Amino acid sequence: MREVFLFGRTRFNRLKGRYLPNEGALEQSSAGVGSSSNSLERRDLGGGDPGFWRRKLASWHRIRCDKAVTVKVDAILKVENLRVEYKTREAGSGRKIALHGLNLSIFSGEVFGFLGPNGAGKTTTMNVLLGFVPPTSGDAFIFGTSVRNPIARQRIGYLPELTYYYKFLSAEETLRFYAKIFRIPRTEVESRIDAVLKLVELDHARKRPIKTYSKGMQQRVGLAQALINNPDLLILDEPTSGLDPIGRMKVREIIQRLKQEGKTVFFSSHELGEVETVCDRVAIMSSGELKAEGRVADLVNQHKCNLEQVFLNIVDYKAAA
């Protein structure tokens, strides 16, 4: 849970002439000053009379809060003291600890970058969230439901680092296949396919076999299948891996569009320049431990260097002499 401080204009719900407090936390007083409220409140100001609403709207929209109001916001993805151990194949080496008590919170509408060198624990964390690997101890929650419960993954979309498709199918046929897996109603399937293909800019090639696609186009098919169920949370494992600069730019633009639509994106990447461009916050992992977490701008200002150098400093990288 985090605190959000609200300033500025109050919001109004035009339906039925009702006043809707800003973010559910402001209530107009007789003096026109915002005060805190513990729950979402609505007051019928005009008995549903639209004329009353129109007469008052001009004055109401100018009302501003002169105080900061604290609102509690729950994380939609929360990791608590997560630990993962597994047996190694090397004789006498015992068990390897992949994650050491990881704690992480991601909030609605964020683009969150998950960074770290190879072997840092990024993919292991994602595998726990997706139910592929059971945690040794601790837990993780998606929309308040433990990932140990399969229903927790009902509202997510996932793109693995390496995508595998039936190459003889077209993008359109592939998405129709995934729509059946998600049991999307038949009346919605075609409109959903149209929407995601336009979003990932593959509408022009929708009927071509995937085997004729470039790697960048195949990666965008992966993004399309991750979006076919209209998820609220997207988990992307190195979505730009192996792409050329134009391919990376297109994936970056898609992530920015998803953010504008209110989606939450949690993704790992080694491309620190693009992370610095699109992410709101980042976490930096090393040897299974969380080394740093925060807003990109704050980390850059704190260390007085760009994100790449911040990353190298935190993971204690030493250049060869």
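Definitions and limits used
- Residues numbered from 1 in each chain as written.
- Predicted model: local features only at pLDDT ≥ 70, side-chain atom pairs only at ≥ 80, totals over all residues.
- Heavy atoms only, no water.
- Helix = DSSP H or I, 4+ residues; strand = E, 2+ residues; numbered from the N terminus.
- Buried < 20%, exposed > 50% of the residue type's maximum accessible area, 1.4 Å probe, protein only.
- Contact = heavy atoms within 4.5 Å.
- Areas by Shrake-Rupley, 256 points an atom, 1.4 Å probe, with all protein chains shown as cover.
- Core = buried A, V, L, I, M, F, W, Y, C linked by side-chain atoms within 4.5 Å.
- Phe/Tyr/Trp six-rings, centres within 6.5 Å; stacked < 30°, edge-to-face > 60°.
- Pairing = 2+ DSSP bridges.
- Polar contact = N/O pair within 3.5 Å; in protein donor to acceptor, adjacent residues only side chain to side chain.
- Axes fitted to C-alpha atoms, helices over the stretch in contact; angles between N-to-C directions.
- Parallel < 35°, antiparallel > 145°, perpendicular 65-115°, else oblique.
- Left-handed = near helix turned anticlockwise from the far one by under 90°.
- Salt bridge = Lys/Arg side-chain N within 4 Å of Asp/Glu carboxyl O.

A. Seen up close, the overall build of the protein chain. Per the secondary structure count, the protein chain includes nine helices and 16 strands. Looking at the protein chain as a whole, 46% of its 321 residues are labelled buried. Contacts in the protein chain between residues far apart in sequence, at least 24 positions, make up 65% of those at least 6 positions apart. When the accessible surface of the protein chain is split by element, carbon and sulfur atoms take 49% of a total near 17,200 Å².

B. Structural context of unusual backbone geometry. Look at Arg-183: it is not a glycine, yet its phi comes out positive at around 55°. Looking at the secondary structure, you find Arg-183 in the loop between α3 (171-181) and α4 (186-199). In this model, Ser-287 sits at a positive phi of 55°, which is unusual for a non-glycine residue. With respect to the helices, strands and loops of the structure, Ser-287 is situated in the loop between β15 (281-286) and β16 (289-295).

C. Region of the structure containing the side chain of Ser-286. Among the secondary structure elements, Ser-286 is positioned in strand β15. Apart from the residues lying within four places of it in its own chain, the contact partners of Ser-286 are Ala-120, Lys-291 and Val-315.

D. The arrangement of the nonpolar core in detail. Counting residues in hydrophobic clusters, the biggest one holds 51 residues, and the most contacted among them are Leu-115, Ile-228, Leu-236, Val-265, Phe-267, Cys-279 and Ile-284. Setting aside anything within four residues of it in sequence, one finds Phe-267 in contact with Val-111, Phe-112, Gly-113, Phe-114, Met-126, Leu-236, Pro-239, Glu-274, Val-275, Val-278 and Cys-279. One finds Leu-104, Ile-106, Phe-112 and Leu-233 within the second-largest nonpolar core, a separate group that totals 26 residues.

E. Molecular detail of the packing of aromatic side chains. Counting across every chain of the model gives six aromatic pairs. Geometrically, the ring pair formed by Phe-114 and Phe-266 is tilted, given 5.1 Å between the ring centres and 45° between the ring planes. Placement of the pair is Phe-114 in strand β9 (residues 111-115) and Phe-266 in strand β14 (residues 264-268), with a sequence separation of 152 residues. Of the residues examined, Phe-114 reaches a relative accessible area of 0% and is grouped as buried. On the basis of an interplanar angle of 75° and a centroid distance of 5.4 Å, the ring pair of Phe-177 and Tyr-178 is categorised as edge-to-face.

F. Inspection of the pairing of β16 at higher detail. Where β15 lies against β16, six bridges are found, and the strand directions are antiparallel. Following the sheet pairing, Ala-283 is matched in β16 by Glu-293. Counted along the chain from β15 to the antiparallel partner β16, the turn is two residues long, and its residue Ser-287 has a positive phi close to 55°.

G. Representation of the side chain of Ser-268. Here Ser-268 is to be found in strand β14. At 2.9 Å, the side chain of Ser-268 forms a polar contact with the side chain of Asp-237. Apart from residues lying up to four places away in sequence, Ser-268 is in contact with Phe-114, Lys-122, Met-126, Leu-236, Asp-237, Glu-238 and Pro-239.

H. Spatial organisation of the packing of helix α5 (residues 215-227) against helix α6 (residues 245-260). Interaxial distance between α5 and α6 falls to 11 Å at its minimum, and their mutual angle equals 20°. Considering the angle they form, α5 stands roughly parallel to α6. The way α5 lies across α6 gives a crossing that is right-handed. Contact residues: α5 offers Arg-220, Leu-223 and Leu-227, while α6 offers Lys-250, Val-251, Ile-254 and Leu-258.

I. Layout of the sheet that holds β9. If you trace the six strands from one edge of the open sheet to the other, you get β12-β13-β14-β9-β15-β16, paired in mixed fashion. Only two strands of the sheet have a single partner each, and these edge strands are β12 (156-159) and β16. Strand-to-strand, the axes of this sheet are offset by a mean angle of 15°, without reference to chain direction. Pairing analysis gives four bridges linking β9 to β14, with the strands arranged parallel. Residue pairing across strands places Gly-113 opposite Phe-267, the latter belonging to β14.

J. Geometry of the pattern of salt bridges. Under the criterion given, the structure shown has 18 salt bridges. Ionic pairing is found between Arg-95 and Glu-85, a salt bridge with its closest N-O pair at 3.2 Å. Taken together, the residues span a long stretch of sequence, with Arg-95 in strand β8 (residues 95-106) and Glu-85 in strand β7 (residues 77-87) at a distance of 10 residues. Residue classification places Arg-95 among the partly exposed residues on the basis of a relative accessible area of 44%. Judged by relative accessible area, Glu-85 falls into the partly exposed class, the value being 21%. Among the salt bridges present, the one from Glu-253 reaches Arg-257, with a minimum N-O distance of 3.9 Å. With Glu-253 and Arg-257 both in helix α6 and four residues apart, this pair spans about one turn of that helix. Under the relative-accessibility criterion, Glu-253 is labelled partly exposed at 28%.

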